[in-house]
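These are the residues of each chain, in order.
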Amino acid sequence: MGIPCVIGRGREADLDLPDQAVSHRHALLGATDGKLWIKDLESANGVWVNGRRISKAFLHPEDLIQIGQMRFLLSSAAVPRQQGEQATVLHALDRAGIARQLDRQRLELIYDITTELPGSRDVIQLAEKILACCRKYFRQDHGAIAFLLEDGRLQPLCCNYREEADLPLSRSIVKRVLRNGESLLLEDALRSDSFSQEESIMTRRIRSAMCAPLIYHNQINGLFYLDRDVPGAYSESDLELFQSIAAIIAPLIENARLWSELNKKYADTVAQLRQTEARLIDTERVAAYVHLSQAMAHEVRNPLAALGGLVRRMAKPDQQGPISEKMQTILKAVERIEAVLQEVDGFARIELPARELVRIDLLVQEVIDGYLEELGKKRISAEFAVATSHLMMPVDRQLMKKAIDAVFREILSARGLNPGGMLPISLRDAENGLELCFGQVPEKGVFRDPFDPVFRDKPWCNSLFLNIAHKIMLDHGGKLLLNAAGQGVLPLILLIARSLTVESEGLADRI
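What counts, and where the lines are drawn
Residues numbered from 1 in each chain as written. Predicted model: local features only at pLDDT ≥ 70, side-chain atom pairs only at ≥ 80, totals over all residues. Heavy atoms only, no water. Salt bridge = Lys/Arg side-chain N within 4 Å of Asp/Glu carboxyl O. Helix = DSSP H or I, 4+ residues; strand = E, 2+ residues; numbered from the N terminus. Expected span 1.5 Å × (residues − 1). Buried < 20%, exposed > 50% of the residue type's maximum accessible area, 1.4 Å probe, protein only. Arc of directions from axis to C-beta. Contact = heavy atoms within 4.5 Å. Pairing = 2+ DSSP bridges. Patch = residues over 30% accessible without salt bridge, like charges linked within 9 Å, V, L, I, M, F, W, Y side chains within 5 Å. Areas by Shrake-Rupley, 256 points an atom, 1.4 Å probe, with all protein chains shown as cover. Lys, Arg positive; Asp, Glu negative; His and termini not counted. Charge placed at Lys NZ, Arg CZ, Asp CG, Glu CD. Core = buried A, V, L, I, M, F, W, Y, C linked by side-chain atoms within 4.5 Å. Axes fitted to C-alpha atoms, helices over the stretch in contact; angles between N-to-C directions. Parallel < 35°, antiparallel > 145°, perpendicular 65-115°, else oblique. Left-handed = near helix turned anticlockwise from the far one by under 90°. Nonpolar A, V, L, I, M, F, W, Y, C, P; charged D, E, K, R; others polar.

Undergrad: Summarise the pattern of salt bridges; cite the residues concerned and give the values.
TA: Scanning the model with the defined rule gives 9 salt bridges in all. Salt-bridge contacts for Arg359 lead to Asp361; the nearest nitrogen and oxygen are separated by 2.8 Å. The closest approach of N and O atoms between Asp475 and Lys471, which form a salt bridge, is 2.9 Å. One end of the pair, Asp475, and the other, Lys471, are both in helix H10 (residues 464–475), 4 residues apart, so they sit about a helical turn from each other. Linked by salt bridges that have partners in common, Glu366, Arg397 and Lys401 make up one network.

Undergrad: Give me helix H2 (residues 123–138): which residues, what numbers.
TA: For H2, built from 16 residues, the straight-helix expectation of 22 Å at 1.5 Å per residue is met to within 8% by its first-to-last C-alpha distance of 22 Å. Turning to H2, its buried residues number three or more, namely Val123, Leu126, Ala127, Ile130, Leu131, Cys133, Cys134, Tyr137 and Phe138. Burial along H2 is one-sided: seen end-on, the buried residues are contained in an arc of 165°. Note on H2: the residue one or two positions beyond its end, Arg139, has a positive phi of about 55°.

Undergrad: Describe the environment of Pro424, naming the residues involved and giving the relevant values.
TA: Take Pro424: it is sitting in strand S21 (residues 422–430). The class for Pro424 is buried, based on a relative accessible area of 19%. Residues Pro424 and Glu383, 41 residues apart in the sequence, show an inter-C-alpha distance of 5.0 Å. Contact partners of Pro424, with chain neighbours within four places excluded, come to Glu383, Cys437, Phe438, Gly439 and Gln440.

Undergrad: Requested: an account of the pairing of strand S25 (residues 492–497), with residues and values cited.
TA: Counting buried residues along S25, 6 of its 6 residues qualify, which places the element largely inside the surrounding structure. With burial as the criterion, each face of S25 is covered, one bearing Leu492, Leu494 and Ile496 and the other bearing Ile493, Leu495 and Ala497. When strand S22 (residues 433–438) meets S25, the two strands line up antiparallel, connected through 6 bridges. In the sheet register, Leu436 faces S25, and the bridge partner there is Leu494. Pairing analysis gives 4 bridges linking strand S24 (residues 479–483) to S25, with the strands arranged antiparallel. Within the sheet, the bridge partner assigned to Leu481 lies in S25 and is Ile493.

Undergrad: Explain a negative patch on the surface to me, and be specific about the residues and the numbers.
TA: A cluster of acidic side chains, namely Glu12, Glu187, Glu236 and Glu240, defines a negative patch on the protein surface. Along the polypeptide, Glu240 turns up in helix H5 (residues 236–314).

Undergrad: Run through the nonpolar core, naming residues and quoting values.
TA: Counting 41 residues, the largest nonpolar core has Ile404, Phe408, Phe438, Leu492 and Leu494 as its most contacted members. Those elements that place two or more of their residues in this core are helix H7 (360–370), strand S20 (392–395), helix H9 (397–413), S21, S22, H10, S24 and S25. Examining the composition of this core, we find that 9 residues originate from one element, H9, more than from any other. Beyond its immediate chain neighbours, meaning those up to four positions away, Phe438 contacts Ile404, Val407, Phe408, Ile411, Pro424, Ile425, Leu490, Pro491, Leu492 and Leu494. Within the second largest apolar cluster, 34 residues are counted, among which are Val123, Met210, Leu214 and Ala250.

Undergrad: Account for the packing of H7 against H9, naming residues and giving values.
TA: Packing of H7 against H9 brings their axes to within 10 Å, and their N-to-C directions diverge by 45°. Looking at the two axes, H7 sits oblique to H9. Considering the relative orientation of H7 and H9, their crossing is right-handed. Of the residues in H9, those in contact with Leu363, Val364, Glu366, Val367 and Ile368 of H7 are Arg397, Met400, Lys401, Ile404, Asp405 and Phe408. Of the residues in the contact of H7 with H9, the class split is 7 nonpolar, no polar and 4 charged.

Undergrad: Talk me through the sheet that holds strand S4 (residues 35–40); I want residue IDs and the actual numbers.
TA: Taken in spatial order, the 5 strands of this open sheet run S2-S1-S3-S4-S7, and their pairing is mixed. Looking at the sheet topology across the chains shown, the edges are occupied by strand S2 (15–16) and strand S7 (56–58). Pairing of strand S3 (residues 27–32) with S4, which is carried by 6 bridges, proceeds in the antiparallel orientation. When the bridges of S4 are listed, Ala27 appears paired with Asp40.

Have a look at this one:
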């Protein structure tokens, strides 16, 4: 071997060492005044002489030199040939053992991926395991595994960049790999005309990189990427191993992704079933109230009819005085009870909705117009505001009108509306439907349906008219909601769902 001599890996070296831990230009061996010296050419893993890392050192016979994973012994047969040139003999120590060690590492990497990783069904966890396995062999500074979405964007499954959680890959690298479907090896990106000017290359000081497509069933499903900030860190043999790993993990990643999607769909289905079950329980509870109200109405009606008949016979039209006034008071009370029983009968006979597209704003205005006279007597102004363009909703026109009417009757019969006051009514968008709000609705208020335990000590929630409106809304896939912190019927919200399949449970808790 002649002096001077560049020691490294690849074509740039005078002495080529087949070791991935050796840089392309790792060290320079030279002589000055007949004395040998060795200099580290800013290699990644350094130059070691007799167990000490050096930047430059003079050599003596029997010195032990380590470059990468290879060790050499300086022979005493090193003799001067002519001015400026010297012949040097370096004895490689256990070179075959190093090659065997590299082969064993490759086999261990393939073994780990093919035996342990297929058991991982979580796609994120699988990607993290793959990068951890590769780090033992490739020693990457950065790594990423990304899945290709249908719109062409890359979704990172695992990205162990130090600062970012996204996928800061070179656009040129991604474009080239996806376009050609071939793996890419960069020995020194900063010296490449195609990549050296890219911001991601410069800011992260990427020198060596490998990128391979994840191909499964003749379709590119993603990318596998590794890089280091050391030039010449990866060789053609490394790329071959990297491609083999990409071919192995491509079906693993795809199967894990499909399994994750299946699990998510299963969880969503279970959640929907639970919501449906809760809604059915509510419906059954309402049905129990209906049967109870029917039984109570039947039991009350007979004695009430007898009492009403007696009072009417006793209250003579030409009779005057205190007794007549008391009789008239009793008669009005009887008539009030009879009217309530008629409402109970109507509540018990409410049919399931026959849907059609209805302009909700016009339906609300129609109900408001029907109460203008009563509102005028109480000197209350109803102001209706529409804050949505989605006005057509699939509802039963008569039943929805009955629900809104029941709310109006409850509001006008309840306390809390002062003469000369205002009743704000608004129609606005909600998730999967509309909100018809009565009263001033606080932005951070908590709203629940009338059967919620929070209303257990608030008897005004058991109003017949509220129950009528709530049952109609439930039959439409919506709900009637009351303010959990309120002391009266206002504010109140009617949730109008777009379809019976709408999960109104998600709309119920407005926090």
